[in-house]
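Analysis of the macromolecular model
Letter by letter, the chains look like this.
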Amino acid sequence: MTRSVTTVAPDSSAKTAAEVMATGGFAALPVLDADRALVGIVAEADVLRSRLPQDPRLHLRRADAVTPVPPLLVRGVMTTPVRTVPATADVADLAHLFLDEGLRSVPVLDGDRLVGIVSRRDVLRALGRPDEEIAREVRRLVESYTGRADGWTVEVSEGVVSLSGRVAPRHVADRDGGGPRPGTAEEDDAVEATAVRTLARTVAGVVAVRTAPGTPTAAAPTAP
């Protein structure tokens, strides 16, 4: 998301808002009141609507036809209530929001405070991360979790993460409260494989995660 957000006030000129969007390349501007509370959002379509009178020379209409004056202030054209997302929103959910509701950008809130704005371009930028960069981040997360640098092989192509690895038996908690007991290799592999796949899916730019044949696909239940 973009943290440095350009905003306008409800009593700002709608024409000025259009100029700011045009020169800054913004799809929309959040509207904040005097208390810095988010009260609306003004988008390109809002200021374009009813603001471009037709040229009478190009249309069959009387030259003296009266053209209504459009709203001159942002409060007259802004959209309210505002569709927002929390700062902890999942990028996948954002993508669905943009597609399902036809939005181009959405303000990001931390509680009631505006902390940024996220656009379709931001999501596309995440999807366009280099494979090498994605692989480094996945390896860092996996190594941090497992405590080993050679437990898993991570390869990334077109955003698809391929994982392969084998772990040594660890201790699995005893359900009867009798302390830890040695787990089987299959149990340990399943637990770790599930965690590693989950970690890989948290990395921006990952479109899918797959594992090598023979790698467990779900955590196996422990025996009583």
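Residues numbered from 1 in each chain as written. Predicted model: local features only at pLDDT ≥ 70, side-chain atom pairs only at ≥ 80, totals over all residues. Heavy atoms only, no water.

With an unreviewed UniProt entry as reference, the protein chain is termed CBS domain-containing protein, source organism Modestobacter muralis.

Our next topic: the overall build of the protein chain. The helix and strand tally for the protein chain stands at six helices and 10 strands. Here the protein chain holds 224 residues, and the buried ones make up 33% of them. At a minimum sequence separation of 6, the contacts of the protein chain that also span at least 24 residues come to 51%. Approximately 13900 Å² of the protein chain is accessible, and the part contributed by carbon and sulfur atoms is 54%. (Helix = DSSP H or I, 4+ residues; strand = E, 2+ residues; numbered from the N terminus. Buried < 20%, exposed > 50% of the residue type's maximum accessible area, 1.4 Å probe, protein only. Contact = heavy atoms within 4.5 Å. Areas by Shrake-Rupley, 256 points an atom, 1.4 Å probe, with all protein chains shown as cover.)

Pairs can form between side chains of opposite charge whenever their charged atoms are close. Evaluation of the coordinates by the stated rule reveals eight salt bridges. Where Arg 75 meets Asp 11, a salt bridge forms, and the shortest distance between an N and an O atom there is 2.8 Å. One end of the pair, Arg 75, is in the loop between α2 (44–48) and β3 (85–86); the other, Asp 11, is in the segment before α1 (14–24), and 64 residues separate them in sequence. Note on Asp 11: relative accessible area 52%, which makes it exposed. The salt bridge partner of Arg 129 is Glu 137, with a shortest N-O separation of 3.0 Å. Taking the relative accessible area as the measure of exposure, Glu 137 reaches 22% and is therefore partly exposed. Sharing partners across several salt bridges, the network here consists of Arg 129, Glu 133 and Glu 137. (Salt bridge = Lys/Arg side-chain N within 4 Å of Asp/Glu carboxyl O.)

With that out of the way, let us pick up the sheet that holds strand β4 (residues 105–110). The three strands are arranged β3-β4-β5 in an open sheet whose pairing can be described as mixed. This sheet does not close on itself; its edge strands, each paired only once, are β3 and β5 (113–119). (Pairing = 2+ DSSP bridges.)

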